[in-house]
Structures are given as structure tokens and as C-alpha cells.
Amino acid sequence: MNSASGKPLVAITQGDPAGIGPEIIAAAWPSQELHQWCRPVVVGYADYLRRAAAIRKLQLDVREIANVEDAEPSPCLIPCLALGDGHAPDISPGRIDARAGEAAHWAILLATEMALSGKVQAVVTAPINKEALQKAGYQYPGHTELFAELCRTREFAMLLYLAPGAPLKNPVGLSVIHVTLHMALRKVFQSITVDEIHSKIKLVDGFVALLKEGKPRIGVCALNPHGGEGGLFGSEEATIIAPAVRRAQSEGINADGPLPADSVMVHARDGRFDAVVAMYHDQGHIALKLLGMKRAVNVTVGLPIVRTSVAHGTAFDIAWKGIADPGSLLEAIRVAALLAAKRAGTPPT
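Nothing here was measured: the structure is a model prediction, and the numbers come from that model. (Residues numbered from 1 in each chain as written. Predicted model: local features only at pLDDT ≥ 70, side-chain atom pairs only at ≥ 80, totals over all residues. Heavy atoms only, no water.)

1. Focus: the overall build of the protein chain
From N to C terminus, the protein chain includes twelve helices and twelve strands. A globule of 349 residues ought to have a C-alpha radius of gyration of about 20 Å, and the protein chain, at 20 Å, matches this closely. Oriented by its inertia axes, the alpha-carbon framework of the protein chain measures out at about 60 × 40 × 35 Å. Taking all 349 residues of the protein chain together, 56% fall into the buried category. Within the protein chain, contacts between residues separated by at least 24 positions form 73% of all contacts whose residues are at least 6 apart in sequence. Counting 34 positive and 34 negative side-chain charges, the protein chain places the centres of these two groups 3 Å from one another. (Helix = DSSP H or I, 4+ residues; strand = E, 2+ residues; numbered from the N terminus. Rg over C-alpha atoms; globule rule 2.2 N^0.38 Å. Buried < 20%, exposed > 50% of the residue type's maximum accessible area, 1.4 Å probe, protein only. Contact = heavy atoms within 4.5 Å. Lys, Arg positive; Asp, Glu negative; His and termini not counted. Charge placed at Lys NZ, Arg CZ, Asp CG, Glu CD.)

Take a look at the structure:
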């Protein structure tokens, strides 16, 4: 935590510059609440931020800095930690470009290094394009796997977090963690194991424990329709998911399942669960985003650092048109500041 202000220093990566990353950063920056939560600094290219501010007709002073310690953010001043020589590649909006993938990768690398060394207390990422990242030579399915490798973490997961508020009836919000992530559906069945499910139950239990007093209540999704219907529609519930739940219960974790996936999120919405363990990407994403797409935050759990992100993509179809909504970014920054404060044992502002 910054000793002068008591606020965490939060690095915000610019994301893929062909997408809406620079624009949502510029649009979010004047928010007084943002600067009450933390001391933000952008990692990327100043030129993109200046263009984004101009598109949004915002009077923002974007200043390049060489060291994060020199950051003096305010609602009208964006400190930008430059990449390389600071010269921004000429990227076309809404187009996949290896140079954009390269820029996104280097911003993540620098922000992660600063977080691991304690120079910043959290990292918030604007969206990247996975195809552009791979065209640049980085073979990662997404942010989550890249952060895990940079942090040398083996047990990790993507978690979507929705803060308290309608339609949720839970005072600590709702967390959804995923056992499998960025893979073809045909690979999901061979990738779900007792160990993987047990690991995700433990990870989400630890995350929610930061946010509430008492034991987190965790609902674990079934994989097959109707929870397998007693084996008629599949045996994974009995042979894989239930043993993982029993193992977690034997360790004192308050987990329940496997539960039919078409109803578990309704129970979670109504306050029965603090968290849900989904077996695959869309099983968790679709349900939670229907509850609160614009407020959802992506959190990578299991890392030694705090990392959050928006819960949407690069939106190439509206990039650089001055209409992108910064709401998810603001919420990602708020949650990052909250988690940083929780980890430091200090009350959030």
C-alpha cells in the first residue's frame, strides 16, 4: 500500500490497442470514485490514450513516466508507463494485428513484474485478442494462462465475481469459478478430474473467505443434464464430481453437489450459495453474465498477486468509435483495490 495515501497502486494494462482498451481507460479516468479507491497508472502507449481522450472529448493530460514511483495520477492526469521506446505502432481499429498482440503482451509482462516485486499492489487488464496474441508468437489461450506462467503458479483458475446488488440477495456477491476454461467442448469430459474439481473448490473457498465472515457456501455444478439423472445421462457426477465434493467436505469446506446446472445459479442468486463451481467456460459465464454483465469482474485466483479484468472482450465492432462503456473496467479496478486492501489487512477506502 502507498504509505502516503493508504491507497493501493494499481497498474492498468492497455490491452489490445485495436480494441476498446485505451478508450475505456480514458472514459473511466475522470471518475472521482476511481481515484478514491486507488492510485492508478497505465501500462502501455501514451499516444493511444491521447487519441482515445480526443475521441471521447476529454481534457486529459497523458504523461509518459519511466518509473512507476513517479506516478502522480489525478482525474485529469494519466501517468503512462511506456513500453519499449514509447513509439506506438500504427494499428488499425478493429483488425487483428500481431503488433497489437505484441503490445498487449509486453504490457502484461511489465505489470506482472511490478506486482511480483511489490511496486504495485494489483494489476487490472483491459481486454486482449487471443488471435492477435498468438500471431505475435505467444501461444496462450488467454490472460489467465499467461498470468499463471509468469507467476509460476500451477493451481489457478478464472473466477467471475459479481458484487452485491440486485438481482443478488447475497451480501457478499457471487463468485463463479471454472474447472476447465479455454478449450473445445469435446475436450472438457477428458479434462475434468477429481483433483481438478477439488482444487477449484479450495480456490474459490479461499477467495470468498476474504470477503465474508464464516464459511463460504459453495454449490458445485453437475456436468450432464439433470445432474446425470442417476446415471441415465452420464456417470461423471457419481464417479468424478461427487468424490471431489466429499473430499472438500472432509477438509471442512462447506460444499454441496453435484447440483443440476440449470438450477444452481437460481439458488445462488437467491442467496443459498456464495460461490458456484462450473465445469466448463460457458456453464459459468452465461449464467453469471445474465445476472450482471456490466458489473461482472474477471479475477484470476491462485496467483501470488491480485489480478482482475473486465468481463468482456475487445469489441472490435465498436472500437475507436467513442461509444464503449467503461463500467466493467471501473468495477474491475474497484474489486482490485478491495482485494489488495484485504490482502494487506487494511480497510478499503
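2. A closer look at the packing of aromatic side chains
Aromatic ring pairs: the centre-centre distance and the angle between the two ring planes describe each pair. A complete count under the given rule lists two aromatic pairs for this structure. Each ring, one from tyrosine 45 and one from tyrosine 48, has its centre 5.7 Å from the other, and the planes form 90°; the classification is edge-to-face. For tyrosine 45, a relative accessible area of 11% gives the class buried. (Phe/Tyr/Trp six-rings, centres within 6.5 Å; stacked < 30°, edge-to-face > 60°.)

3. Looking at the pairing of strand β11 (residues 297–301)
The side chains of a regular strand alternate, residue by residue, between the two faces of the sheet. Among the five residues that make up β11, five are buried, leaving the element largely enclosed by the rest of the structure. As paired strands, strand β6 (residues 157–162) and β11 are joined by five bridges and run antiparallel to one another. Residue tyrosine 161 lies in a different strand from β11, and its bridge partner there is valine 297. Here β11 runs beside strand β12 (residues 307–310); their pairing, made up of three bridges, is antiparallel. Residue pairing for β12: valine 299 is matched across the bridge by threonine 308. Once β11 ends, the chain turns through five residues before running back antiparallel as β12, passing glycine 302 with a positive phi of about 100°. (Pairing = 2+ DSSP bridges.)

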